[in-house]
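Breakdown of the fold
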Amino acid sequence: MSDRRPLMPKATAVWLVENTALAFDQIAEFCGLHPLEVRGIADGEVAQGIKGMDPVTNGQLTRDEIARGEKNAGHKLQLAESKVQLPPMPQTRKGPRYTPVSRRHDRPNAVLWLLRNHPELKDSQIMRLVGTTKPTIAQIRDRTHWNSSQLTPQDPVTLGLCSQIDLDAEVKKAARRAERDRPEAEKDGDKQGTLLPTSETTAAHGTTAQILAPKAAEEAPEETPEQEQARVFAKLKGMTSVKPDAEDEDESEATPAPSNETSESKDEENSDKPKDGE
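Note that the coordinates shown come from a computational prediction; the quantities given were computed from them, not determined experimentally. (Residues numbered from 1 in each chain as written. Predicted model: local features only at pLDDT ≥ 70, side-chain atom pairs only at ≥ 80, totals over all residues. Heavy atoms only, no water.)

1. Some points on the packing of helix H2 (residues 24–31) against helix H3 (residues 35–43)
Test applied: Only the stretch in contact is used when a helix axis is fitted, and all axes are lines through C-alpha atoms; the angle between N-to-C directions ranges over 0 to 180 degrees. Secondary structure elements are taken from DSSP: a helix is a run of H or I of four residues or more, a strand is a run of E of two residues or more, and numbering for both begins at the N terminus. Our angle categories are set so that under 35 degrees counts as roughly parallel, over 145 as roughly antiparallel, 65 to 115 as roughly perpendicular, and the remainder as oblique. The hand of a helix crossing depends on one turn: near helix anticlockwise from the far one by less than a right angle means left-handed, and clockwise means right-handed. The contact rule is simple, with two residues in contact once any of their heavy atoms fall within 4.5 Å. Each residue gets one label: Ala, Val, Leu, Ile, Met, Phe, Trp, Tyr, Cys and Pro are nonpolar, Asp, Glu, Lys and Arg are charged, and the others, such as Gly, are polar.
Packing of H2 against H3 brings their axes to within 8 Å, and their N-to-C directions diverge by 115°. With respect to H3, the axis of H2 lies roughly perpendicular. In this structure, the crossing between H2 and H3 has a hand that is right-handed. Here Phe24, Asp25, Ile27 and Ala28 of H2 come into contact with H3, specifically with Pro35, Val38, Arg39 and Ala42. By residue class, the composition of the contact of H2 with H3 is six nonpolar, no polar and two charged.

2. Considering the pattern of salt bridges
Note the threshold: In the sections that follow, a salt bridge refers to a side-chain nitrogen of Lys or Arg positioned within 4 Å of a carboxyl oxygen of Asp or Glu. Throughout, exposure labels follow a simple rule: accessible area from a 1.4 Å probe, protein chains only, divided by the maximum for the residue type, with under 20% read as buried, over 50% as exposed, and the rest as partly exposed.
Across all of its chains, the model carries five salt bridges by this definition. One salt bridge in this structure joins Glu65 and Arg68, with 2.6 Å as the shortest N-O distance. You can see Glu65 and its partner Arg68 sitting in helix H4 (residues 63–71), three residues apart, about one turn around the helix. On the accessibility criterion, Glu65 (7% relative accessible area) is buried. The closest approach of N and O atoms between Asp106 and Arg103, which form a salt bridge, is 3.7 Å.

3. What about unusual backbone geometry?
Its identity is not glycine, yet Met8 carries a phi of approximately 50°, on the positive side. On the secondary structure map, Met8 appears in the segment before helix H1 (9–19). Here Met8 falls in the exposed class, since its relative accessible area comes to 52%. Of note, Arg143 is a non-glycine position whose phi angle comes to about 60°, a positive value. Position of Arg143 relative to the elements: it lies in the loop between helix H7 (134–142) and helix H8 (156–159).

4. Points about the nonpolar core
Rules: We define the nonpolar core as a collection of buried residues of types Ala, Val, Leu, Ile, Met, Phe, Trp, Tyr and Cys that are connected through side-chain atoms lying within 4.5 Å of one another.
The biggest cluster of nonpolar side chains holds 19 residues, and the ones touching the most others in it are Val111, Leu114, Leu121, Ile126, Leu129 and Val130. Where this core is concerned, the elements lending two or more residues are helix H5 (107–117), helix H6 (123–130), H7 and helix H9 (164–181). With six residues, the top contributor of residues to this core is H5. Once residues lying within four places of it in the same chain are set aside, the contact partners of Val130 are Thr99, Arg107, Ala110, Val111, Leu114 and Leu161. Grouped together as the second largest cluster of nonpolar side chains are 17 residues, Leu22, Cys31, Leu33 and Leu79 included.

See the structure below:
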């Protein structure tokens, strides 16, 4: 079947059945109907009360095309080109989502669920998903809604207010916008806070001490001449205070105390000498 169809196909089929000798298959092919439906029109069982519409006077079919079809049962009727150029249809802006009346009392619950589980969504995105208004979203967020005490968060997909595909698309769009609006400083901070891979930490010098040594050397401040002079004087002063104590220790080691053995040997020598009276 061709994609192009005449206006009011059933009324056109009624006229062709009544005023031409075309086959049922040809009429069905031209009007986009089933052959049995065209047969029912011929029998008076289908399209009762429908007035036939002449496709010739409407410029949708020519007399020559009808004659060729009547002579050849295998010929397919071609829709005539319109002599009137219609202006292109303007692209209408998509309006808010229509919510059935039976589901409208569930919209505040769905809005509360979206605010809790997807705070990155903008109000306009919630309006597209649920079909609510911006003041209602603000009241639910600020808990000033007239029925805020009775609201329970419910998934809008399970409530039938939107499809899972639409919800995922809006969430991805909000995530991309949040990533784009993040400052560069936060992105760099996230990179610095992550652990380095093993290949980078063990590649250059192997050990942790070798890796940290250059960093410690870089962090150590340079010593000024005044600081260096004060450090030298402090070191010399400490050496002079320690030197007398060291000398005393050396003298004590050089002159040992008299032992008991030497005193006993001297007493024996004195006892062996003869006294003057003897």
